Amino acid sequence: MKLISSVILLIATVLLILGMILAPFLADPGGGADDPAIIVAASGSSAAEKAKASYICDGVNDHVEIQAALTALPAGGGTVRLAAGTYNLAGNIEPRAKTVLEGAGPDATTLAFPKTGGIRIYRPSVTLEGFTVIGVADILIAESHARVRDVTMTVDNSRIGAFYVWAANTVIEDTVFENCRAVNCGRYGFLNSGEGEPRLVKNIKYINCEAINCGRYSSVSTGPWVTGFDIVEKNDIDGAEIIGCYAEGNQESGFHLEGFSYLNIKNVRFQDCVSVNNAQKGKDASMFGAGYTVSKGVTFENCTSENNKHGFLINGASVRGHDVSFIRCTDTGSDYGFTVDHGSGFTLEECEAIGSAFRSLTIDRSHNISVEAFKSRPSEKGAGTAPVGSGADDHHDVLIQDSYGVTMSGEIITSRPHALTVTGSESREVTLHDTTVISRGQKDIVYGIFVNNDVSDAGTIRIKDSTIRTDADGKTFNAGIENRAGEKVKVSNVLVTGAKTAYVNCDILAEAEVVSPTPTEQPGFGIGLALAGLAVLFLLRRRK
C-alpha cells in the first residue's frame, strides 16, 4: 500500500510540474476569460449588442462613456470593445497603459468628432484597433510601444497630422502601424515630428499602410506642404521600416523625409512600397512632388513610383545628402525618374526609369555615386514622354552635372538628342563602363555620349567596354561620342555603329573588337564538316 501511495504521489507531483510548465503555452493568447473586457455600445448599435454592453452611449458626448470604460479597467490593463455603430465624441480619449481600444472593424465602428478632439496616447503599451475616425480629430502618440492596426482616418485640415507621433524631449520607440489608412485628409497622413532633446523616434514600423489624397482638396494651415507619409519632419530617427505601403494623389510627395542639418537620420528602410500620382498641387508648383523625397540614411528595395514630378528624389540642397541606396527600384512616367541633388555616397543597383517625360537620371553637384545596371527606356505606349524639343530639360536622357567620382553602367534606349551628357566645370573622374546606348531613330538624336565644353578636366572621363548604336536605318548619330572640352576623353573598347562619326576629340586607348561570325554560324558549314569527316573515314578504310 505504501508503494502505491508513493507512486500516486510521484505521478501527482510530475503532473503538477508539467502543468506549471505548460500553462503559459496553453493559455489563450488574447487573454481569454481572464482578459478584462468592457463592452461599449453606440446609440445605434443593435439590441443584442446593447444587451451585452456595460456602457451604452446616447449619441451625444460619447467620449464620456468610452473614457469611463477605459478608466474602469484594472491597473494591469484590459480591453474596451466598441460595438458596431457610430459614436459622436466632443472631447479627447486617453487610454491607460497596457489597454486596448478595439472596434468591430473600420467598416463597422466609426468615431465621429464633429468639433475638436482625438485619441491621445500618453501612456505606454496602448493598442488601437478596428475602427474609423472622421471629423476634427487626430491620433497623437507621445509614448512608446503603441500598436495601431486596421484604423482608417478621414479628417479635416485643422491640425497637422492624422496619425501623429510626437517626440518632445523624449524617445518614443517600438511603434507599429499596420493596415492603417489616411484617406482624403486635409493634413499629413502619417507624420513624425518632435522638439527639444532628445526628439528621437526609434524602431517604428509601417506595414501595409496607405495615404491617399492627403492635402489634395484642402491643406493644413501650416502651409501647402502636405505629404502622405512624413517619416521625418523635425525629429531624429533611428530604425524605421516602411513595408508594402502605398501613397497616391497627395498634395506634395507621397513619402517624405526632411534633410535639415540638425537631424540625425539612420537605418531607414523602404521595401515593396508604391507611390503614384502625387504632386497634386501641380507639378510646376511643387518643390518636391516626388514619389519619394529623402536626403540621408535610407535604403530602398523593390519600390516603385509612377507619374510623379520626381520619381525618387535625393534632396541634399539644405545639407548634403549621403548614404542612400536604391536596389531594384522602378519609376514609370514621372517628369524626372531618379534625381540625386547635392549627394554623396549614393548607390543605384538594377534600377529602371520608363517613359520619363524629361530625364530618367540626374546626378547634380554630387560625388562618389555608383550606378550599376541602370536601365532607361521610353514607354511602350508612348505615354509620359514630352515632345523632343519642347524645352532644355528634355535634351538629355541621363545628365551628370558638376559631379565627380561617378561610375555608371547599364542600358539607355532613348529618343533624346543627347542620350548621356556630362557637363559643368566640377565634373571629373566619371567612368562609364559596360553601357549600351541605343537610338530609337528619331532624327533629332545627335549624340550618344556628349561631353560639354565647360568640363575642365575631361581627361579624367573614361568610357570603356560599351556599345553605341541605332535601331534605325542609316546613320542617326552625328557622333557616337562627342567631346567638346579641351582635354581628350579616354576611350577603350567602345563599339559605335550608325553614326556619321564614331569619336570626336577622344583618346582611343583600345579599339573595340568587332566580332565576326564564326564558321559554325555560316550557312552549310555543318553539312560540309560532316561530308569532310565521311571522306576522311573512307580514305582510312581503304588504307587498311
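Conventions and cut-offs
Residues numbered from 1 in each chain as written. Predicted model: local features only at pLDDT ≥ 70, side-chain atom pairs only at ≥ 80, totals over all residues. Heavy atoms only, no water. Helix = DSSP H or I, 4+ residues; strand = E, 2+ residues; numbered from the N terminus. Buried < 20%, exposed > 50% of the residue type's maximum accessible area, 1.4 Å probe, protein only. Polar contact = N/O pair within 3.5 Å; in protein donor to acceptor, adjacent residues only side chain to side chain. Contact = heavy atoms within 4.5 Å. Disulfide = S-S within 2.5 Å. Pairing = 2+ DSSP bridges. Phe/Tyr/Trp six-rings, centres within 6.5 Å; stacked < 30°, edge-to-face > 60°. Salt bridge = Lys/Arg side-chain N within 4 Å of Asp/Glu carboxyl O. pLDDT = per-residue confidence, 0-100.

Draft legend 1. Spatial organisation of the side chain of Thr423. Secondary-structure assignment places Thr423 in strand β32 (residues 418-423). Assessed through its relative accessible area of 9%, Thr423 is described here as buried. Here Asp454 takes part through its side chain, which lies 3.0 Å from a polar atom of the side chain of Thr423. Sequence-distant contacts of Thr423, defined by excluding residues within four places in its chain, comprise Leu399, Ile400, Gln401, Asp402, Asn452, Asp454 and Val455.

Draft legend 2. Seen up close, the state of the cysteines. Under the defined criterion, the tally for this structure stands at zero disulfides. Among the cysteines around Cys180, which has no disulfide bond, Cys209 carries the closest sulfur, lying 4.8 Å off. For Cys180, a relative accessible area of 0% puts it in the buried group.

Draft legend 3. Expanded view of the pairing of strand β5 (residues 99-102). Where strand β3 (residues 78-82) lies against β5, four bridges are found, and the strand directions are parallel. When the sheet's bridge partners are listed, Val80 is paired in β5 with Leu101. Alignment of β5 against strand β7 (residues 127-141), held across three bridges, turns out to be parallel. By the bridge assignment for β7, Leu101 is matched with Leu128.

Draft legend 4. Geometry of the packing of aromatic side chains. In this structure the tally under the stated criterion is 24 aromatic pairs. Judged by centre distance (5.9 Å) and plane angle (80°), the ring pair of Phe300 and Phe312 falls under edge-to-face. Here the residue Phe300 occupies a position in strand β20 (residues 296-301), and Phe312 occupies one in strand β22 (residues 310-315), the gap between them amounting to 12 residues. When sorted by exposure, Phe300 lands in the same class as Phe312, which is buried. Seen from their ring centres, Phe338 and Phe374 are 5.9 Å apart, and the 85° between their planes marks the pair as edge-to-face.

Draft legend 5. Structural context of unusual backbone geometry. Between Glu197 and Pro198 the backbone carries a cis peptide bond, its omega angle lying at 0°. Relative to the elements of secondary structure, Pro198 occurs in strand β11 (residues 188-207). Positive phi values are uncommon outside glycine, yet Asn169 reaches one of about 55°. With respect to the helices and strands, Asn169 occurs in strand β9 (residues 161-178). Positive phi outside glycine occurs at Asp434, with the angle close to 50°. Relative to the elements of secondary structure, Asp434 occurs in strand β33 (residues 428-439). With relative accessibility at 47%, the residue Asp434 sits in the partly exposed group.

Draft legend 6. Fine view of the pattern of salt bridges. For the structure on display, the rule yields 20 salt bridges. We note a salt bridge from Glu197 to Arg199, for which the minimum N-O separation is 3.5 Å. Through salt bridges with shared partners, one network takes in Arg120, Asp138 and Arg159.

Draft legend 7. Structural context of the confidence of the model for the chain. Looking at the chain as a whole, its pLDDT mean stands at 88, while 83% of the residues score no less than 70. Note on residues 382-390: pLDDT under 50 across the span, and 21 contacts to partners over four residues away in sequence or across chains. For the stretch residues 515-544, pLDDT sits under 50, and the model shows two contacts to residues farther than four places along the chain or on other chains.

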